[in-house]
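# Observations on the three-dimensional arrangement
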Amino acid sequence: MLISAAYAQQAGQAAATDPVSGIMSFLPMIVIFAIFWLLMIRPQMKRAKEHKALLGAMQKGDEVVTQGGIAGRVTKVGEEYVHVEIAPETEIVVQKPAVQIILPKGTLKSL
């Protein structure tokens, strides 16, 4: 019983005098965070930046597809909302971030 206590004290003293062991204990967490950053956070930030630029470049006459899958032509662009004509004489109002992609001109010929 006394011998195991002596080992515990010796290990604690060795860790206190060796500064490298403290850094080495945090190294796996640092590596996991770096991998997490490179594989998940950074690409998501890049996609968000591209989507923001896409919404900023949207103008009247663009053909768009919303996140719900509705395709139409933009008739009016506001600060927060976009008016989209989905059929002749049929217009809906969607939030700007709901626009997923801007299609090339002439993709929607039926409108």
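Computed from a prediction, not measured in an experiment: that's the story for all the values here. (Residues numbered from 1 in each chain as written. Predicted model: local features only at pLDDT ≥ 70, side-chain atom pairs only at ≥ 80, totals over all residues. Heavy atoms only, no water.)

### Observations regarding the overall build of the protein
Helix and strand counts for the protein come out as 2 helices and 5 strands. Counting the 111 residues in the protein, one finds 14% classified as buried. Sequence separation of at least 24 residues holds for 42% of the intrachain contacts in the protein that already meet a minimum separation of 6. With an accessible surface of roughly 8600 Å², the protein has 65% of that area assigned to carbon and sulfur atoms. (Helix = DSSP H or I, 4+ residues; strand = E, 2+ residues; numbered from the N terminus. Buried < 20%, exposed > 50% of the residue type's maximum accessible area, 1.4 Å probe, protein only. Contact = heavy atoms within 4.5 Å. Areas by Shrake-Rupley, 256 points an atom, 1.4 Å probe, with all protein chains shown as cover.)

### Some remarks on the sheet that holds strand β5 (residues 99-103)
In space, the 5 strands of this open sheet follow the order β4-β3-β2-β1-β5, with antiparallel pairing throughout. Taken across any chain shown, the strands that pair with only one partner, and hence form the sheet edges, are β4 (90-95) and β5. Each strand of the sheet is rotated relative to its neighbour by a mean of 45°, with strand direction disregarded. In the sheet, strand β2 (residues 71-77) pairs with strand β3 (residues 81-87) via 4 bridges, with the strands oriented antiparallel. Bridge pairing in β3 places Lys-76 opposite His-83. (Pairing = 2+ DSSP bridges. Axes fitted to C-alpha atoms, helices over the stretch in contact; angles between N-to-C directions.)

### Let's talk about helix α2 (residues 19-57)
With 39 residues, α2 ought to run about 57 Å at 1.5 Å a step, and its terminal C-alpha atoms sit 54 Å apart, in line with that. Along α2, the helix axis deviates most sharply at Trp-37, where the bend reaches about 40°. (Expected span 1.5 Å × (residues − 1). Bend = angle between axes of the 7 residues up to and from the residue.)

### Observations regarding the nonpolar core
Across soluble globular proteins, nonpolar side chains have a tendency to be buried as a group. Leu-55, Met-58, Val-64, Val-74, Val-82, Val-84, Val-94 and Val-99 together form the largest nonpolar core, which totals 8 residues. Filtering out sequence-adjacent residues up to four positions away, Leu-55 remains in contact with Lys-96, Pro-97 and Val-99. (Core = buried A, V, L, I, M, F, W, Y, C linked by side-chain atoms within 4.5 Å.)

### Considerations on unusual backbone geometry
With glycine set apart, most residues show a phi of negative sign, and most peptide bonds adopt trans. One non-glycine residue, Glu-89, adopts positive backbone phi at about 70°. Mapped onto the secondary structure, Glu-89 falls in the loop between β3 and β4.

### Focus: the UniProt feature "transmembrane region" (unreviewed entry) in the protein
Those residues carrying the UniProt feature "transmembrane region" (unreviewed entry) are residues 20-41 in this numbering. Helix and strand shares over residues 20-41 are 100% and 0% respectively, and the end C-alpha atoms of the span are 30 Å apart. (UniProt positions renumbered as here; feature names shortened; annotations may be inferred.)

### Quick look at the pairing of β4
Sheet topology note: the β3/β4 ladder contains 6 bridges and is antiparallel. By the bridge assignment for β4, Val-84 is matched with Ile-92. Here β3 folds back onto β4, and the loop between the two strands holds 2 residues, one of which, Glu-89, carries a positive phi near 70°.

### Considering the pattern of salt bridges
A side chain with one charge can pair with a side chain of the opposite charge if their charged atoms come near. According to the stated counting rule, one finds 2 salt bridges in the structure shown. The salt bridge partner of Asp-62 is Lys-105, with a shortest N-O separation of 3.1 Å. Residue Asp-62 is located in the loop between α2 and β1 (63-66), and its partner Lys-105 is located in the segment after β5; the two are separated by 43 residues in the primary sequence. When its relative accessible area of 7% is taken as the criterion, Asp-62 is described as buried. For Lys-105, a relative accessible area of 58% puts it in the exposed group. Between Arg-73 and Glu-63 there is a salt bridge, with its nearest N and O atoms 2.9 Å apart. Taken together, the residues span a long stretch of sequence, with Arg-73 in strand β2 and Glu-63 in strand β1 at a distance of 10 residues. Exposure remark for Arg-73: the relative accessible area of 21% places this residue in the partly exposed category. (Salt bridge = Lys/Arg side-chain N within 4 Å of Asp/Glu carboxyl O.)

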